[in-house]
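What the coordinates show
Here is how the chains run, residue by residue.
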Amino acid sequence: MTPRNFVRFSEQLKGGKMALIKWSDKYSVHIQKIDEQHKHFINLINKLYQVVVEESTQSSVGKILDELFDYTNYHFKTEEELFKTHNYPGFEIHKQQHEAFIKLVLELKEDFSKGRVTITLKILAFMNEWLINHILNSDQKYASYLNSKGVS
Ligand SMILES: [Fe+2]
Ligand SMILES: [Fe+2]
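Residues numbered from 1 in each chain as written. Chains lettered and ligands numbered in written order. Predicted model: local features only at pLDDT ≥ 70, side-chain atom pairs only at ≥ 80, totals over all residues.

1. Some remarks on the confidence of the model for the protein chain
- Taken residue by residue, the protein chain gives an average pLDDT of 90. The fraction at 70 or more is 89%.
- Per-element mean pLDDT across the protein chain ranges from 69 in helix α1 (residues 5-11) up to 96 in helix α3 (residues 58-85). (pLDDT = per-residue confidence, 0-100. Helix = DSSP H or I, 4+ residues; strand = E, 2+ residues; numbered from the N terminus.)

Now the structure itself:
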């Protein structure tokens, strides 16, 4: 298995440029705790973007990458706990998407720490796109279900 899937996927992106992501109400899942976490998630990707653009030291890039990995795990667990508590029927499919992304970020983190890859704007654009698509599609799907169960 090749350890550079994130890099490979990112290279398939058309534009490959990104800007900072801005929170928009259309991302809201109308669950306060989750909206807060998504905002933090976006902030972390923006922070990573900033250090990459500013050509900061490898160690500062690495630190944010570690933080991003830990936060991704934490956030996905929060969502999965809610799914379990409320018997969300889309649990398995959603969890698989989380696991696939975690795996990519882990590979990226490991490759970076071993000096095998540098974090490029394309990689950031891919991460960005994944997160926004996931929030707008998969997360929105559970939102209506959980909202109907009174979760807000
Ligand atoms: Fe999410
Ligand atoms: Fe999710």
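This is not the end of the story, as more comes after the structure.
2. A short note on the packing of helix α4 (residues 91-113) against helix α5 (residues 121-148)
- One way to put it is that α4 packs onto α5 with a least axis distance of 11 Å and a crossing angle of 160 degrees. With respect to α5, the element α4 is oriented roughly antiparallel. Between α4 and α5 lies a crossing of left-handed hand. On α5, the residues touching H94, Q97 and F101 of α4 are W130, H134, S138 and Y142.
- Classifying every residue of the contact of α4 with α5 by side-chain character gives 3 nonpolar, 4 polar and no charged. (Axes fitted to C-alpha atoms, helices over the stretch in contact; angles between N-to-C directions. Parallel < 35°, antiparallel > 145°, perpendicular 65-115°, else oblique. Left-handed = near helix turned anticlockwise from the far one by under 90°. Contact = placed C-beta atoms within 7 Å. Nonpolar A, V, L, I, M, F, W, Y, C, P; charged D, E, K, R; others polar.)

3. Side note on the environment of V105
- Assignment of secondary structure puts V105 in helix α4.
- Note on V105: 17 C-beta atoms within 10 Å, which makes it partly exposed.
- Remark: the alpha-carbon pair of V105 and L68, spanning 37 residues in sequence, is separated by 8.6 Å.
- V105 has contacts with L68, F69 and T72, leaving out every residue within four places of it along the chain. (Buried ≥ 20, exposed ≤ 12 C-beta atoms within 10 Å, placed from the backbone.)

4. Quick look at the packing of helix α2 (residues 32-53) against α5
- The interhelical angle for the contact between α2 and α5, taken along N-to-C directions, is 170 degrees, at an axis separation of 10 Å. Accordingly, the angle class assigned to the pair α2 and α5 is roughly antiparallel. The residues of α5 that touch α2, namely those facing H38, F41, I45, L48, Y49 and V52, are L121, L124, M127, N128, L131 and I135.
- Looking at the contact of α2 with α5 residue by residue, the class counts come to 10 nonpolar, 2 polar and no charged.

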